[in-house]
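Each chain, letter by letter, is given below.
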Amino acid sequence: MIQTTGSLDPTGLLVAEHILEQRLCGSVSYCEESASTNSDALGDLRKQAISNDQLPRLYLADRQTSGRGRQGNSWLSGADSLTFSLTIDFDSVREPSAKLLSLAAGVATARAIEFEFAPVKTMLKWPNDVYLSGGKLAGILIETSQAFSDRLVIGIGMNVNDSPTLDSYEVGAKPNSLYAVTGRRSTRYSLLEPIVASLVKTVDQLRQSPSIILGEFRQRCFLTGKQIRFNQLGQDCQGYCRGIADDGELMIQTSQGLRLCDSGAIRMVRVQ
Amino acid sequence: MNVNLSDGESNMSKGGKPSQNVFDIERLRTIIELMEEHELSEVDLQQGDEKIKLNRGAPAASYAAPTPAAPPATATPAAPPEDMHAGTITINAPMVGTFYSKATPESEPFVKVGQRVNQDTIVCIVEAMKVFNEIPAECSGTVVEILVNDQQPVDFGKPMFRIDPNA
């Protein structure tokens, strides 16, 4: 079942239809322009229950005008970027592996890119930014509500053939695009199906074998073994990143001892 | 006799809705009778996340201890602190994470003290490992106190808002 709004990119439409045929998703909502596909997905969940047979439900927009990141940060899409959200059946409180879901979303995206653009190697900046050649290629925002705790929305924005021009960016987080690194142009929608398939498979694998996901994240971890700076409760701190703990937390050796950090506890993590 | 009903620890988030059994008036009546019969001054009841405290607030009971204890120099009000919150309920964190009182640093808080909320009112976001979780009030009433600061860490079950369901 596909719901469409506006005049759509024919390639996007073909890919969306193929995703349904392959039963990777149970339904698709595709529009020409959206403020934020995550907001669309959450809006639908607030209005009505999305039944299991409609899941995973893909929200696609040819143009995203107000993409969101963490706590009001903007996700600036270049003209040729891929932005979509996927509503899945996942309880962020009760699933035993819930704390690793963010990492798994990053691993899923990294796997798909590496397969499609072999032999490139991506890095993952904890908890789930996807990096390529030292630049940020993709951002992931996961949202849910205790009003519908068995549903969760994973939003992904990826720079395919170009990257947004920013007035300023945090050191170490300059944007990058697949084209800039690989020299291969691709239609943005050629990546959609591999990433959706990878997400579905990786979330399933997270439930079965979380240690595999954790191991793959650790192999690609951008911060491990580096001196990093970060902001904790408003204070600038620094330390040595010892790696990722089994529950997904970041292990930082500081002069005060070893700290285990949840993503909300530390901000502006950057390599020195 | 003074009976305080307080479920200040109740988890109003998913899975912690007030249980009929705990609030069953006949059951409470029986317990109060038993308290009187056995001269018990306080009974705590807990079922799941729900908790009720029954106090028989006897002011200087006639059967006071034979050795008179000097009252403390700084007399505290007779009412224990829980009394201030009698009849209120709290909305508790459903998980360990970081509390956000507003959607973005620039936006207005989801709720303010004095604001009425209903079951569906979003009161905050709790982030756990970059999963942002909207928390609905899941109760009706007026916000009397916000117990956590924006961007502060919260533990599982940490009371975040105090709600007066009768105001």
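These numbers were taken from a predicted model, which means no experiment stands behind them.

**Focus on the interface of chain A and chain B**
Turning to step 1, where the next piece is worked out: Listed per partner, the contact involves 33 residues of chain A and 25 residues of chain B.
Turning to step 2, where the next piece is worked out: Summing both sides of the interface, chain A and chain B together bury roughly 2,300 Å²; the carbon and sulfur share of this comes to 51%.
Turning to step 3, where the next piece is worked out: At the junction of chain A and chain B, the tally comes to two salt bridges.
Turning to step 4, where the next piece is worked out: The salt bridge involving Glu134(B) is made with Arg46(A); its shortest N-O contact spans 2.6 Å.
Turning to step 5, where the next piece is worked out: Our count for the contact surface shared by chain A and chain B stands at 15 residue pairs in polar contact (both at pLDDT 80 or more).
Turning to step 6, where the next piece is worked out: The biggest single contributor to the side of chain A that touches chain B is strand β9 (residues 135-145) of chain A, with six residues.
Turning to step 7, where the next piece is worked out: Each residue belonging to the side of chain A that touches chain B can be placed in one class, and the counts come to 12 nonpolar, 12 polar and nine charged.
Turning to step 8, where the next piece is worked out: Examined bridge by bridge, β9(A) and strand β7 (residues 131-136) of chain B share four bridges and lie parallel to one another. In the sheet register, Glu143(A) faces β7(B), and the bridge partner there is Phe132(B).

**Some words on the packing of helix α1 (residues 10-21) of chain A against helix α5 (residues 192-208) of chain A**
Residue and element names in this part refer to chain A.
Turning to step 1, where the next piece is worked out: The N-to-C vectors of α1 and α5 enclose an angle of 30°; their axes lie 10 Å apart at closest approach. The angle between α1 and α5 places the two elements in the roughly parallel class. For the element pair α1 and α5, the recorded crossing hand is right-handed. Judged by residue contacts, Val-15, His-18 and Ile-19 of α1 engage Leu-192, Glu-193 and Val-196 from α5.
Turning to step 2, where the next piece is worked out: Per-class residue counts for the contact of α1 with α5 are four nonpolar, one polar and one charged.

**Structural notes on unusual backbone geometry**
Turning to step 1, where the next piece is worked out: Residue Ala118(A) is joined to Pro119(A) through a cis peptide bond whose omega torsion reads 10°.
Turning to step 2, where the next piece is worked out: Structurally, Pro119(A) is set in the loop between α3 (101-116) and β7 (123-125).
Turning to step 3, where the next piece is worked out: A cis geometry characterises the amide bond from Trp126(A) onward to Pro127(A), with omega recorded as 0°.
Turning to step 4, where the next piece is worked out: Structurally, the position occupied by Pro127(A) is in the loop between β7 and β8 (129-132).
Turning to step 5, where the next piece is worked out: Despite not being glycine, Met129(B) has its phi angle at roughly 45°, a positive value.
Turning to step 6, where the next piece is worked out: You can see Met129(B) is positioned in the loop between β6 (122-128) and β7.

**Some thoughts on the confidence of the model for chain B**
Residue and element names in this part refer to chain B.
Turning to step 1, where the next piece is worked out: For chain B, the average pLDDT comes to 74, and 56% of its residues sit at 70 or higher.
Turning to step 2, where the next piece is worked out: Every residue in residues 1-19 scores below 50 in pLDDT, and together they form 72 contacts with partners more than four places removed in sequence or on other chains.
Turning to step 3, where the next piece is worked out: Within the model, pLDDT remains below 50 along residues 58-77, and this stretch shows two contacts once partners closer than five positions in the same chain are excluded.
Turning to step 4, where the next piece is worked out: The complex model carries a pTM of 0.78, and its ipTM stands at 0.91.

**Observations concerning the sheet that holds strand β5 (residues 116-117) of chain B**
Consider a sheet: its strands pair through backbone hydrogen bonds, and that pairing is either parallel or antiparallel.
Residue and element names in this part refer to chain B.
Turning to step 1, where the next piece is worked out: One open sheet holds the four strands; their spatial order is β3-β10-β8-β5, and the pairing between them is antiparallel. This sheet does not close on itself; its edge strands, each paired only once, are β3 (89-92) and β5.
Turning to step 2, where the next piece is worked out: Bridge count for β3 against strand β10 (residues 159-164) is four bridges, and the pairing is antiparallel. Paired with Thr-90 across the bridge in β10 is Arg-162.

**Thoughts on the confidence of the model for chain A**
Should the pLDDT be low somewhere, the predicted coordinates at that spot are not to be read in detail.
Turning to step 1, where the next piece is worked out: Averaged over every residue, the pLDDT of chain A is 90; residues scoring 70 or more account for 93%.
Turning to step 2, where the next piece is worked out: Averaged pLDDT values for the elements of chain A fall to 66 in strand β5 (residues 74-75) of chain A and rise to 98 in helix α6 (residues 210-220) of chain A.

**What to know about the pattern of salt bridges**
Residues and elements named next belong to chain A.
Turning to step 1, where the next piece is worked out: Here the structure, examined in full by the defined rule, presents 20 salt bridges over all chains.
Turning to step 2, where the next piece is worked out: Two residues, Glu-216 and Arg-220, come together in a salt bridge whose shortest N-O distance is 3.0 Å. Residue Glu-216 and its partner Arg-220 are located together in helix α6, separated by four residues, close to a single helical turn. For the pair shown, Glu-216 and Arg-220 are each scored as buried.

**Brief notes about the side chain of Glu216(A)**
Turning to step 1, where the next piece is worked out: Note on Glu216(A): relative accessible area 18%, which makes it buried.
Turning to step 2, where the next piece is worked out: In contact with Glu216(A), other than residues within four places in its own chain, are Val107(A) and Arg111(A).

Conventions we followed
Residues numbered from 1 in each chain as written. Chains lettered and ligands numbered in written order. Predicted model: local features only at pLDDT ≥ 70, side-chain atom pairs only at ≥ 80, totals over all residues. Heavy atoms only, no water. Contact = heavy atoms within 4.5 Å. Buried area = accessible area lost by both parts, 1.4 Å probe. Salt bridge = Lys/Arg side-chain N within 4 Å of Asp/Glu carboxyl O. Polar contact = N/O pair within 3.5 Å; in protein donor to acceptor, adjacent residues only side chain to side chain. Helix = DSSP H or I, 4+ residues; strand = E, 2+ residues; numbered from the N terminus. Nonpolar A, V, L, I, M, F, W, Y, C, P; charged D, E, K, R; others polar. Pairing = 2+ DSSP bridges. Axes fitted to C-alpha atoms, helices over the stretch in contact; angles between N-to-C directions. Parallel < 35°, antiparallel > 145°, perpendicular 65-115°, else oblique. Left-handed = near helix turned anticlockwise from the far one by under 90°. pLDDT = per-residue confidence, 0-100. Buried < 20%, exposed > 50% of the residue type's maximum accessible area, 1.4 Å probe, protein only.

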